[in-house]
Amino acid sequence: MVLARLKAKPLLAGQLLCALAAAVLVLRQALPVWDDGAAAVVRAVLVGNLLVGAAIAAALVGFAAFHRAWRWRDAYIWHDGAMLYRGGGERWPLALVQDVVVAKGELGIASLRLVVDDDSEVTRELVKLYLLEDAPEAVRGGVMFAVAGVRGFPGGSMLN
């Protein structure tokens, strides 16, 4: 069952910006030796200015991350009754999920985070709030309803 979807526009913008940054950085490395032949261009891009090379690698990693999120945008957070999944990589047993909270990360960007009972003090990031298509409260409610179903107490029958 799908619990959260991602917005398409920020993912497309992220892919575009990362691709543009990588292209500009590659051109910056290649243009000074453009007339020296293909071997010189490849050599300049790969082992020229190492700081620019690291920036190219970071832009390509960013592009890959945004592209992977784009592929999973229609079913980013989902569960199968036993496990909670985020995208295609992360998963947690629903029985170990304690809560879902909104917290700010190291850069001050708010995200939906998962509190898991696995003897660690670290919360796991589910999704940044600016990427989330649905309301954070709705996603939290969906996760907690799935957790309540696994624990044998249907969340829909709770009284306040």
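Coordinates for the structure precede this section.
Rules of the game
Residues numbered from 1 in each chain as written. Predicted model: local features only at pLDDT ≥ 70, side-chain atom pairs only at ≥ 80, totals over all residues. Heavy atoms only, no water. Axes fitted to C-alpha atoms, helices over the stretch in contact; angles between N-to-C directions. Helix = DSSP H or I, 4+ residues; strand = E, 2+ residues; numbered from the N terminus. Parallel < 35°, antiparallel > 145°, perpendicular 65-115°, else oblique. Left-handed = near helix turned anticlockwise from the far one by under 90°. Nonpolar A, V, L, I, M, F, W, Y, C, P; charged D, E, K, R; others polar. Polar contact = N/O pair within 3.5 Å; in protein donor to acceptor, adjacent residues only side chain to side chain. Contact = heavy atoms within 4.5 Å. Buried < 20%, exposed > 50% of the residue type's maximum accessible area, 1.4 Å probe, protein only. Pairing = 2+ DSSP bridges.

Novice: It is not clear to me how the packing of helix H1 (residues 8-30) against helix H3 (residues 50-71) should be interpreted in this structure. Could you clarify?
Specialist: If you want to describe how two helices pack, look at the angle between their axes and the distance between the axes. H3 packs onto H1 with a crossing angle of 155 degrees between their chain directions and a minimal axis gap of 8 Å. With respect to each other, H1 and H3 are oriented roughly antiparallel. Crossing geometry of H1 relative to H3 is assigned as left-handed. For the contact of H1 with H3, the per-class residue count stands at 19 nonpolar, 5 polar and 1 charged.

Novice: What am I meant to see in the side chain of Gln-29 here?
Specialist: Summarising the element assignment, Gln-29 is placed in helix H1. Within the structure, the side chain of Gln-29 is placed 3.5 Å from the backbone oxygen of Asn-49, a separation counted as a polar contact. If near-sequence neighbours (up to four positions away) are discounted, Gln-29 is found in contact with Ala-44, Val-45, Gly-48, Asn-49, Val-52 and Ile-56.

Novice: How should I be thinking about the pairing of strand E6 (residues 110-116) in this particular structure?
Specialist: Look at any regular strand and the pattern is simple: side chains alternate between the two faces of the sheet. Burial analysis of E6 places 5 of its 7 residues in the buried class, the great majority of the element. Where strand E5 (residues 97-104) meets E6, 7 bridges bridge the pair, whose relative direction is antiparallel. Opposite Ala-103, over in E6, you have Ser-111 as the bridge partner. Counting the residues in the hairpin turn of E5 and E6 gives 5 residues, including Gly-108, whose phi is positive at 85 degrees. With 4 bridges joining them, E6 and strand E7 (residues 124-128) adopt antiparallel strand pairing.

Without other data, these values stay purely geometric and don't point to any function.
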